[in-house]
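# Architecture and fold: a report
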Amino acid sequence: MITLYDFDSKTKHPWNVSVWKARYSLNFKKVPYKTIWIEYPDIEPTMKKLGARPTSLRGDGSPMYTLPVIHDDSTGAIISDSALIAEYLDKTYPTSTELIPRGTHTLQAAFRGLIESKMFPLGLLVVPELIREVVNGPSAEYMTSHYLPKFGISDLATWTLSEEQRIAEWDKVKELLGSVHVMMKAEDKWIMGDEISFADFAVASVFEMIKAAVGKGSEDWKRVLSWHDGRWDRMMTELERYRAIY
Ligand SMILES: N[C@@H](CCC(=O)N[C@@H](CS)C(=O)NCC(=O)O)C(=O)O
C-alpha cells in the first residue's frame, strides 16, 4: 500500500496544488493508497525520520523538505516531488495509459515550468484565504511567516485587497490560463490532445487550489470555470473520476 503525505486542514479536504498533482496521479493509475495528513512545521522532522529526500534548498542553503511525498511499502520506495512520483508510478505500475508517456518528458517539464512561472499572482488571491479559512493553526502560522512576506503582507488581520486590486489580480490569473488556452486547439480536450496526462493534472491542481480557497459555491469559482469558452469547466467535470480521497 502507498502512503501519500498531504497537508491537513480544517475542511478535511485536500487543498494543496503540489499534492493534488500526486493525488490525481495515484487515482489515475488506480493504485491503492492512504493519506497521512500533516502540518507544515511537521514536514521536515517527519520526512527526515521517513528518509525522504529534500526537493530543493532554502535561501540559507539548508535542505527544503516538501509535500507531496509517497512511501510505497510494497517496494520500499520513498519519493519526494510530484513529477518524480508520476514517473515512479508509470514505471512501477505500468498501465496502458501513462502519466508521462515516453517522449513527452521534456515537453511536459517545460509546460509545468510555464505554469509555475506564472502562478505568482494567484498567490495573493488564494494564500490569505487558505490561511484564514482552510489550514489549521500550526500551518497558518508557518504560512503567515514564510509565505505572506513574499506578497508584501505584514499583518493579515488588517490586510485587504480593494475591489480594483482583486479584479486586477484575477485578470492576471485569467491571463495565465488564457496563455494555455491559446496554445491548445479548440478540439483538444487535454494538453496532449485526445490523451490525458500529468500535464492536465498540473493545470487541474491549480484549479483545485483556487476552489479550496474561494469555495466551490462562490461567484469567483463560477467565473473562473466559465473562462475560455468553458474549457476549464469541461476539464474539471471530466476529472471528477480522479478526485477520490483515500
Ligand atoms: N517540485 C515539488 C514542489 C513541492 C512544493 O513546493 N511543496 C510545497 C507546498 S506547495 C511545500 O511542501 N512547501 C514546504 C515549505 O514551504 O516548507 C513538487 O512538485 O512536489
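Residues numbered from 1 in each chain as written. Predicted model: local features only at pLDDT ≥ 70, side-chain atom pairs only at ≥ 80, totals over all residues. Heavy atoms only, no water.

### Brief notes about the layout of surface pockets
By volume, the largest pocket amounts to about 1100 Å³. Considering the residues around the largest pocket, the lining is formed by 37 residues, among which Asn16, Val17, Ser18, Met119 and Tyr147 are closest to the centre. When contributions to the lining of the largest pocket are tallied by element, the ones reaching two or more residues are helix 1 (17–29), helix 2 (40–50), helix 3 (82–92), helix 4 (105–117), helix 5 (120–134), helix 6 (137–146) and helix 8 (198–214). Taken together, the residues of the lining of the largest pocket break down into 23 nonpolar, 7 polar and 7 charged. Lining the lining of the largest pocket are residues from two domains, each supplying at least three of them: domain 1 (2–100) and domain 2 (112–242). (1 Å grid on protein atoms, 1.4 Å probe; cavity = no way out; pocket = protein on both sides within 12 Å on 5 of 7 lines; lining within 4 Å. Points joined across faces, edges and corners; volume = space filled by probe spheres on them. Helix = DSSP H or I, 4+ residues; strand = E, 2+ residues; numbered from the N terminus. Nonpolar A, V, L, I, M, F, W, Y, C, P; charged D, E, K, R; others polar. Domains from an automatic or database assignment.)

### Concerning the UniProt feature "domain: GST N-terminal" (unreviewed entry) in the protein chain
As annotated by UniProt and renumbered to match this structure, "domain: GST N-terminal" (unreviewed entry) occupies residues 6–97. The span residues 6–97 is 38% helical and 22% strand by assignment, and the distance between its end C-alpha atoms comes to 25 Å. (UniProt positions renumbered as here; feature names shortened; annotations may be inferred.)

### What to know about the side chain of Ser205
With respect to the helices and strands, Ser205 occurs in helix 8. Exposure remark for Ser205: the relative accessible area of 0% places this residue in the buried category. If sequence neighbours within four positions are ignored, Ser205 has contacts with Val17, Trp20, Lys21 and Tyr24. (Buried < 20%, exposed > 50% of the residue type's maximum accessible area, 1.4 Å probe, protein only. Contact = heavy atoms within 4.5 Å.)

### Section: the site of the ligand
Contacts to the ligand come from 15 residues, most closely from Leu67, Asp81, Ser82, Tyr142 and Tyr147. A distance of 3.4 Å separates an oxygen atom of the ligand from a polar atom in the side chain of Arg58. One of the side-chain N or O atoms of Ser82 is found 2.6 Å from an oxygen atom in the ligand. Here the ligand occupies the largest pocket. Considered class by class, the residues forming the shell around the ligand number 9 nonpolar, 4 polar and 2 charged. (Near = heavy atom within 4 Å. Polar contact = N/O pair within 3.5 Å; in protein donor to acceptor, adjacent residues only side chain to side chain. Sits in = over half its atoms within 2 Å of the grid points.)

### Some thoughts on helix 8
Its 17 residues place the ends of helix 8 25 Å apart at the C-alpha level, agreeing with the 24 Å of an ideal helix rising 1.5 Å per residue. Counted residue by residue, helix 8 has 16 buried out of 17 residues, so it is predominantly covered. Where helix 8 terminates, the next one or two residues include Gly215, which has phi positive at roughly 95°. (Expected span 1.5 Å × (residues − 1).)

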